[in-house]
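Structural overview
Okay, here's what each chain looks like letter by letter:
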Amino acid sequence: MGKILFAVFIIFCCGLLSGWSWQGARAEARIQTIKAEQEKATGDAARQAAKDLKSAQDRADAIDNAAAIRTADLEQKLQEKRNALKTATFNRPCLGGPALRLLGESPGLKLGLAETATASPLYRGSSTAAADPPNEGEDYATDTQIADWIAGAAVLYERCRGRIRDIRAWSDGEK
């Protein structure tokens, strides 16, 4: 009877080892399948990210090109406007020093007037200023300088509006 029990025990152990080995092979196959699926998903995600990045860069390039064209057009129009303003204004004193200083202190305006009298084109009219020039040494801005500054400010405002539109277009995925 001892031999039979021993034989059963050996058969049981062989079956147990076979089952364990078989289950281990199945688990290893499943692990390899999961790894392959994960590598494929990672590769797909990387390809999609590269595609999205390329699309975003293409949108940015198209928007940059349009912005450069728009900026060149604005600069040309500003120069034309400045040339026209030279003939439409009389270079007369327009704003005195106190008004210029108040404008220079305005938030968002920052004319650069408060720092130095020579820092801004809005300071010190020319010696050819017409009617009632201010006293010698008194700061003032001429109508030509004010008109030139307004034209420049309008171009800066339009550039800012264009940049905001460009940011929104890029963010929305438009070209």
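Here the structure is shown first, and the text comes after it.
First, a word on what this report is: a plain description of the structure on this page. Source: prediction; values computed, not measured.

Tallied over the entire structure, the rule returns 10 salt bridges. Salt-bridge contacts for Arg161 lead to Glu158; the nearest nitrogen and oxygen are separated by 3.7 Å. Linking Arg161 with Glu158, this pair stays in helix α3 (residues 143-172), spanning 3 residues, or about one helical turn. Looking at Glu158, the relative accessible area reads 24%, which means it is partly exposed. The salt bridge involving Glu158 is made with Arg165; its shortest N-O contact spans 3.7 Å. Residue classification places Arg165 among the partly exposed residues on the basis of a relative accessible area of 38%. Three or more residues joined by partner-sharing salt bridges are found here, namely Lys40, Asp44 and Arg47.

Attention now moves to unusual backbone geometry. Of note, the phi angle at Asn91 is positive, near 60°, even though the residue is not glycine. Take Asn91: it is sitting in the loop between α1 (2-88) and β1 (93-96).

Mapping Leu85 onto the fold places it in helix α1. For Leu85, a relative accessible area of 18% corresponds to the buried category. For the pair Leu85 and Asp143, spaced 58 residues apart in sequence, the C-alpha to C-alpha distance is 9.6 Å. With residues up to four places along the chain from it excluded, the contact list for Leu85 reads Ala147, Asp148 and Ala151.

Conventions we followed
Residues numbered from 1 in each chain as written. Predicted model: local features only at pLDDT ≥ 70, side-chain atom pairs only at ≥ 80, totals over all residues. Heavy atoms only, no water. Salt bridge = Lys/Arg side-chain N within 4 Å of Asp/Glu carboxyl O. Helix = DSSP H or I, 4+ residues; strand = E, 2+ residues; numbered from the N terminus. Buried < 20%, exposed > 50% of the residue type's maximum accessible area, 1.4 Å probe, protein only. Contact = heavy atoms within 4.5 Å.

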